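Residues per chain, in single letters:
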Amino acid sequence: MLHMRTISKIYRTELVETHALRELDLHVREGEFVAVTGPSGSGKTTFLNIAGLLEEFTSGEYELDGESVRGLSDDARSRLRNRKIGFIFQSFNLISDLSLFDNVDVPLRYRGMKTAERRRRIGDALERVGLASRMGHYPSELSGGQQQRAAIARALAGSPKLLLADEPTGNLDSQMARGVLELLEELHASGATIVMVTHDPELAARAQRNIHIVDGQATDVEALPRPGHGGLAATPSRI
């Protein structure tokens, strides 16, 4: 689903050259639930922006669902992003003066869907996250957990091949965070491919696989039994 080979990203100014990613190799199979972790400044956000076609890379190769994105025009990237990627943001990114129905409708309008098809998708997505009865409500009338569920519905309505979640529980209390994570696990169980960036080791442990990014490079962390113990030990290896 997501195939990155030797991806590098360099930010340049007149005086400074910053290497955000350094020949990063990272692969996610269709149907996986992957957590991406790493310290602040490690390159997680840059990776997510490149994965979501929001930012271009300096060198390397990136294939999304078998299609190379190198050299695509801005319009082509936008069309590919709108068709194949759903985003779930920490800050929800809901439009405050639009109802939940209209918030979910916005990306579908950009795809030129007919009204009946949009209505069906919106209803199905809000039903799936348990908010069908609140589609006429505004974001300010919802709890934080409900707003995040609405943001997930917006991502789901477009039937994306890949869900990218950026700290999806970062602004929620523990109970709300648990509910959102359970919803993500349900989506994964139904076949969704999910890549979740998180700083929380407890959330990362719920994913199917962990990838740790440090200094712009990635290691795949495999949980293996520790000899003589019942716990798990993280064993890093190059992807």
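Data block above holds the structure.
In this text the structure is predicted, and so the values were computed from the model without any measurement.

Q: When you look at the nonpolar core in this model, what are you seeing that I'm missing?
A: A general feature of soluble globular proteins is that nonpolar side chains tend to end up buried together. Residues Ile152, Leu163, Leu184, Leu187 and Met196 are the most contacted members of the largest nonpolar core, which totals 38 residues. The set of elements that each furnish at least two residues to this core consists of strand 3 (33-37), helix 3 (100-110), helix 4 (115-128), helix 5 (144-157), strand 7 (162-166), helix 6 (174-189), strand 8 (193-197) and helix 7 (201-206). When residues in this core are grouped by element, the largest group, seven residues, is from helix 5. Sequence-distant contacts of leucine 187, that is, excluding residues within four places in its chain, are made with Arg128, Ile152, Leu156, Leu163, Ala192 and Ile194. Counting residues in hydrophobic clusters, the runner-up holds 29 residues, among them Ile7, Ile50, Leu64 and Leu80.

Q: Any chance you could explain the sheet that holds strand 1 (residues 2-12) here in plain terms?
A: What links the strands of a sheet is backbone hydrogen bonding, and the strands pair in either a parallel or an antiparallel sense. With antiparallel pairing, the four strands of this open sheet are ordered in space as 2-1-4-5. For this open sheet the edge positions go to strand 2 (17-28) and strand 5 (67-68), each flanked by a neighbour on one side alone. Where strand 1 and strand 4 (residues 59-64) come together, five bridges link them in antiparallel fashion. Opposite methionine 4, over in strand 4, you have tyrosine 62 as the bridge partner. Strands strand 1, strand 2 and strand 4 of the sheet are contacted by helix 1 (residues 44-51), whose axis makes an angle of about 120 degrees with strand 1.

Rules behind the numbers
- Residues numbered from 1 in each chain as written.
- Predicted model: local features only at pLDDT ≥ 70, side-chain atom pairs only at ≥ 80, totals over all residues.
- Heavy atoms only, no water.
- Core = buried A, V, L, I, M, F, W, Y, C linked by side-chain atoms within 4.5 Å.
- Buried < 20%, exposed > 50% of the residue type's maximum accessible area, 1.4 Å probe, protein only.
- Helix = DSSP H or I, 4+ residues; strand = E, 2+ residues; numbered from the N terminus.
- Contact = heavy atoms within 4.5 Å.
- Pairing = 2+ DSSP bridges.
- Axes fitted to C-alpha atoms, helices over the stretch in contact; angles between N-to-C directions.

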